[in-house]
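# Chain and residue survey
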Amino acid sequence: MEARAAELFVAYGYAGLGAIPALPEDAFNAIASENRTFVAAHEDEGAIGFAMCGQIGSFLHLKELSVAPEHGRRGLGSALLHAVIAESVALKLDGVSLSTFRSVPFNAPFYKRHGFVEEPFSTANEALKERFIAETPPGIAADDRLLMVRRSKTL
């Protein structure tokens, strides 16, 4: 699912992302168990989407949100995102943070519709800056990406 979802970036000029192989199942499961992971499941097909997040400073940071392409455009991504937002509220954190592609329509515009705003790199705390840098894929210009937050007070 993760690799098939990454293939969607090819049409937006990020061919390298579509070529990245999926993690072996045991490696993925190890990472998922080290983070807060929410899963959307189909009764016949099993897992069809997931959101993986972890606390970074006072934010719950969305590390990855993926939905199997054949199940896209049905609200699963929104439901998973709302589970992450609810978790940040339950943990009494300042909100949810993430880094994403600026111009890919199913990235920044999607999050903006859900109340996220750009957090200028210059004003972000050090932990978020470090995570932003770590999440910028090799060969991708930092200007193609942005840091976004949804503060709890906007919930």
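Just above sits the structure.
This write-up is about the structure you can find in this document. Note that this is a predicted model, so its numbers are computed, not measured.

### Quick look at helix α6 (residues 126–135)
Listing the buried residues of α6 in full gives L128, K129, F132 and E135. What you see down the axis of α6 is that its buried residues fit within an arc of 135°, all on one side. Summarising the geometry of α6, the exposed residues directed more than 90 degrees from the buried face are E126, E130, I133 and A134. On its buried face, α6 sits against β2 (46–56), β3 (59–67), β4 (95–101) and β6 (145–151). The N-terminus of α6 is capped by N125, whose side-chain oxygen sits 3.1 Å from the backbone nitrogen of A127.

### Topic: the environment of K63
Within the element layout of this structure, K63 appears in strand β3. In this view, K63 contacts N35, M52, C53, G54, R131 and E135; residues no more than four positions away in its chain are not counted. In terms of polar contacts, K63 uses its side chain to reach the side chain of N35, at 2.4 Å.

### Quick word on the pattern of salt bridges
Summed over all chains, the structure comprises five salt bridges. For E118, the salt bridge identified is with R102, shortest N-O distance 3.4 Å. Here R102 lies in the loop between β4 and α5 (108–113) and E118 lies in strand β5 (residues 117–118), a separation of 16 residues in the sequence. Judged by its relative accessible area of 40%, E118 falls in the partly exposed class. Relative accessible area serves as the criterion here: at 38%, R102 is assigned to the partly exposed category. Its salt-bridge partner being E126, residue K129 comes within 3.6 Å of it at the nearest N-O pair. On the criterion of helical spacing, the pair formed by K129 and E126 is a turn pair, its members being three residues apart in helix α6. For K129, a relative accessible area of 15% gives the class buried.

Rules behind the numbers
Residues numbered from 1 in each chain as written. Predicted model: local features only at pLDDT ≥ 70, side-chain atom pairs only at ≥ 80, totals over all residues. Heavy atoms only, no water. Buried < 20%, exposed > 50% of the residue type's maximum accessible area, 1.4 Å probe, protein only. Helix = DSSP H or I, 4+ residues; strand = E, 2+ residues; numbered from the N terminus. Arc of directions from axis to C-beta. Contact = heavy atoms within 4.5 Å. Polar contact = N/O pair within 3.5 Å; in protein donor to acceptor, adjacent residues only side chain to side chain. Salt bridge = Lys/Arg side-chain N within 4 Å of Asp/Glu carboxyl O.

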